[in-house]
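Structure assessment
Here is how the chains run, residue by residue.
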Amino acid sequence: MTKKSQNLQTDVLISGAGVVGMTLGFALAQNGIKVVIIDTLDIKKSLNDQFDGRSYAISYAPYRMLKTIGLWDKIGAEAQAINEIHVTDGQSPIFLHFDQQELGDGPLGQMVEVRHIRAGLYSALKNHKNIELLAPDSIISRENSQGHVDVELKSGKSVRASLVIGAEGRKSVLREENNIKVRIWDYNQTGIVTTVQHEKDHQGIAHEKFFPSGPFAILPLKNNRSSIVWCEPPEKAQTIMGLNERAFNAELTKKFGTFLGPVKSLGQRWSYPLTMQLADDYTAPRFCLIGDAAHGIHPIAGQGFNLGLRDIAALSEVLVDAHRLGADLGSELVLERYVHWRRTDNNILALGMDGLTRLFSNDNMLITTARRIGLAAVEEMPTVKKFFMKHARGTVGTLPKLLKGEIL
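Attention here is on the structure that accompanies the text.

When its secondary structure is counted, the chain shows eleven helices and 21 strands. Over its C-alpha trace the chain gives a radius of gyration of 22 Å, about what one expects of a compact globule, namely 22 Å for 408 residues. Its C-alpha atoms put the chain at 65 × 45 × 35 Å along the principal axes. A total of 408 residues make up the chain; the buried ones form 54% of that total. Long-range contacts, defined as pairs at least 24 residues apart, comprise 74% of the intrachain contacts of the chain with a sequence gap of at least 6.

Next up, the structure:
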């Protein structure tokens, strides 16, 4: 990291040092693009275990990207491979079974705790020659000019860049300042997140259980632990969050079951309101959105972070190609290639997850019967199962080079 000065010249300024913003910054910097990353939070203070209790399922194609750019060794030391996925409808004995052996070329995905991702990213970024990390700091003004944008920061520093990227998450300030509207759908559900310990080995099997009140996911972690994403209506979720440890574990066991022996929460709990939101546009003059700032989806299939990683693969390729040609990184022509590559894919997957959420969060007897017949039918159709698995692994469609494991 270069020595800080009051006036900085860079190729790209990224607003938001979350996992998407930092990963994008590293991918660009590895390919010779100078990056400034700013965030309102002090990143060092966000590296403790209490900051974020989530874990991410990283699909196979994004995993290949992280290996290719040299990040996996930084963030994946504690990763748990997902070898199988069981999908069940409530307490029905019928389930849909996805097994990596049916494809034969590696796990369905990898589970990584967010705390490990953030710590690994910070370690990779903090001394990179092409990255300037300014945190805590924030943008107070921007002015577009011919060929660049001038940004003034709260700290008194100024930055001149070709392009500003909004990676601030669902509540992106820059998205609003650029007058990009966002459409929001409320699921009337709250996601409760915690890590649990269980007696028996999960064998790398992830479980997605669907109940009328919302899905309940059991996602394997190292050392006989699993990450839980437990969706309930807001009022019930608030009650559950307020339970003492003994009562919480009793409610947890009702949903989890006893197939892995006794189960208990390891203490910390987090809760998040669940919505879907899609930005009407991804770009404005010398500006573009990435990750949750552009699209936020229901965690029903663990695809939210993967969409952000797929954005990174596409935007990195677009910007690195333009940089090598000496083109203007903030030009409309360059950014339109990124939008064309990602917007349709993001919207289709978001709407697909929305449809699944509404289909399974329903206790209508006819719909329930149809769901279970559908699960049983797909289980007996190997070709269809492989199709779903390939989509879940992110290996379908016109992939950017990084998602194919190719260097830029």
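Further remarks concern the pattern of salt bridges. The tally for this structure, following the rule as stated, stands at 14 salt bridges. Glu 177 serves as the salt-bridge partner of Arg 142, at 3.7 Å between the closest nitrogen and oxygen. Taken as a pair, Arg 142 in strand β10 (residues 139–145) and Glu 177 in helix α5 (residues 173–177) lie far apart in primary sequence, 35 residues in all. Put simply, Asp 321 and Arg 337 hold a salt bridge, and the shortest N to O gap is 3.1 Å. Of this pair, Asp 321 sits in helix α8 (residues 304–324) while Arg 337 sits in helix α9 (residues 332–360); the two residues are 16 residues apart in sequence, bridging distant segments of the chain. Under the relative-accessibility criterion, Arg 337 is labelled partly exposed at 36%. Three or more residues are tied together by salt bridges with common partners; here these are Arg 310, Asp 311, Arg 342 and Asp 345.

What follows is about the sheet that holds strand β8 (residues 109–113). The three strands lie next to each other as β4-β8-β5, forming an open sheet whose pairing is antiparallel. Of all strands in the sheet, those with a lone pairing partner are β4 (55–59) and β5 (80–82), marking the two edges. Looking at each pair of strands side by side, their axes are set apart by 30° on average, direction ignored. With five bridges connecting them, β4 and β8 associate as antiparallel partners. Paired with Ala 57 across the strands is Met 111, a residue of β8. The strands that helix α4 (residues 114–125) touches are β4 and β8; relative to β8, the one it contacts most, it runs at about 80°.

The nonpolar side chains of a soluble globular protein tend to be buried with one another. By size, the foremost hydrophobic cluster in this structure holds 82 residues, and its most contacted members are Ile 165 and Leu 319. Here the element with the most residues in this core is α8; it accounts for ten residues. Among all residues touching Ile 165, those that are not within four sequence positions of it are Val 12, Leu 13, Ile 14, Ser 15, Leu 24, Phe 287, Cys 288, Ile 290, Leu 315 and Leu 319.

Pairing is mixed in the open sheet, where six strands are placed in the order β9-β3-β2-β13-β20-β19. Bordering the open sheet on either side are β9 (131–134) and β19 (283–284), each of which pairs with just one other strand.

As a further point, take the packing of helix α1 (residues 19–29) against α4. Look at α1 against α4: their axes get within 10 Å of each other, and the N-to-C directions meet at 35°. For the pair α1 and α4, the crossing hand works out as left-handed. Along the contact surface, α1 presents Val 19, Met 22, Thr 23 and Phe 26, while α4 presents Val 114, Ile 117, Arg 118, Leu 121, Tyr 122, Ala 124 and Leu 125. A class-by-class count of the residues in the contact of α1 with α4 yields nine nonpolar, one polar and one charged.

Inspection of the secondary structure puts Asn 130 in the loop between α4 and β9. Residue contacts for Asn 130: discarding those within four places in its chain leaves Ala 29, Gly 32, Ile 33, Lys 34 and Val 35.

This paragraph deals with the side chain of Thr 194. Here Thr 194 is to be found in strand β14 (residues 182–198). Take Thr 194: its relative accessible area is 1%, and that puts it in the buried class. Here the side chain of Thr 194 touches Ser 265 through a polar contact of 3.0 Å, side chain to side chain. Not counting chain neighbours up to four residues away, the residues in contact with Thr 194 comprise Ser 226, Ser 227, Ile 228, Phe 248, Ser 265, Gln 268 and Arg 269.

Attention now goes to the packing of helix α2 (residues 60–68) against α8. Two elements in contact, α2 and α8, have axes separated by 10 Å at closest approach and are oriented at 50°. Judged on the interaxial angle alone, α8 and α2 are oblique. As for the relative orientation of α2 and α8, their crossing is left-handed in sense. Facing α2, whose interface residues are Pro 62, Met 65 and Leu 66, α8 presents Asn 306, Leu 309, Ile 312 and Ala 313.

So, on to the pairing of strand β2 (residues 12–15). Every second residue of β2 is oriented toward a common face, with Val 12 and Ile 14 on one face and Leu 13 and Ser 15 on the other, all of them buried. Pairing of β2 with strand β3 (residues 35–38) involves four bridges; the strand directions are parallel. Its bridge partner lying in β3, Leu 13 is registered against Val 36.

Side-chain alternation along β3 places Val 35 and Ile 37 on one buried face and Val 36 and Ile 38 on a second face that is also buried. Crossover connection from β2 via α1 to parallel β3: handedness right-handed.

It is worth spelling out unusual backbone geometry at this point. A cis amide bond, omega 5°, links Ala 135 with the succeeding residue Pro 136. Summarising the element assignment, Pro 136 is placed in the loop between β9 and β10. Although it is not a glycine, Asn 223 sits at a positive phi angle of roughly 65°. With respect to the secondary-structure elements, Asn 223 resides in the loop between β16 (214–221) and β17 (225–232). According to the relative accessible area criterion, Asn 223 is exposed, its value standing at 58%. Even without being glycine, Asn 224 reaches a positive phi, approximately 55°. Secondary-structure assignment places Asn 224 in the loop between β16 and β17. Take Asn 224: its relative accessible area is 23%, and that puts it in the partly exposed class.

About the thresholds
- Residues numbered from 1 in each chain as written.
- Predicted model: local features only at pLDDT ≥ 70, side-chain atom pairs only at ≥ 80, totals over all residues.
- Heavy atoms only, no water.
- Helix = DSSP H or I, 4+ residues; strand = E, 2+ residues; numbered from the N terminus.
- Rg over C-alpha atoms; globule rule 2.2 N^0.38 Å.
- Buried < 20%, exposed > 50% of the residue type's maximum accessible area, 1.4 Å probe, protein only.
- Contact = heavy atoms within 4.5 Å.
- Salt bridge = Lys/Arg side-chain N within 4 Å of Asp/Glu carboxyl O.
- Pairing = 2+ DSSP bridges.
- Axes fitted to C-alpha atoms, helices over the stretch in contact; angles between N-to-C directions.
- Core = buried A, V, L, I, M, F, W, Y, C linked by side-chain atoms within 4.5 Å.
- Left-handed = near helix turned anticlockwise from the far one by under 90°.
- Nonpolar A, V, L, I, M, F, W, Y, C, P; charged D, E, K, R; others polar.
- Polar contact = N/O pair within 3.5 Å; in protein donor to acceptor, adjacent residues only side chain to side chain.
- Parallel < 35°, antiparallel > 145°, perpendicular 65-115°, else oblique.
- Right-handed = clockwise from strand over helix to strand, strands pointing away.

Purely geometric stuff here, so don't read any function into it on its own.
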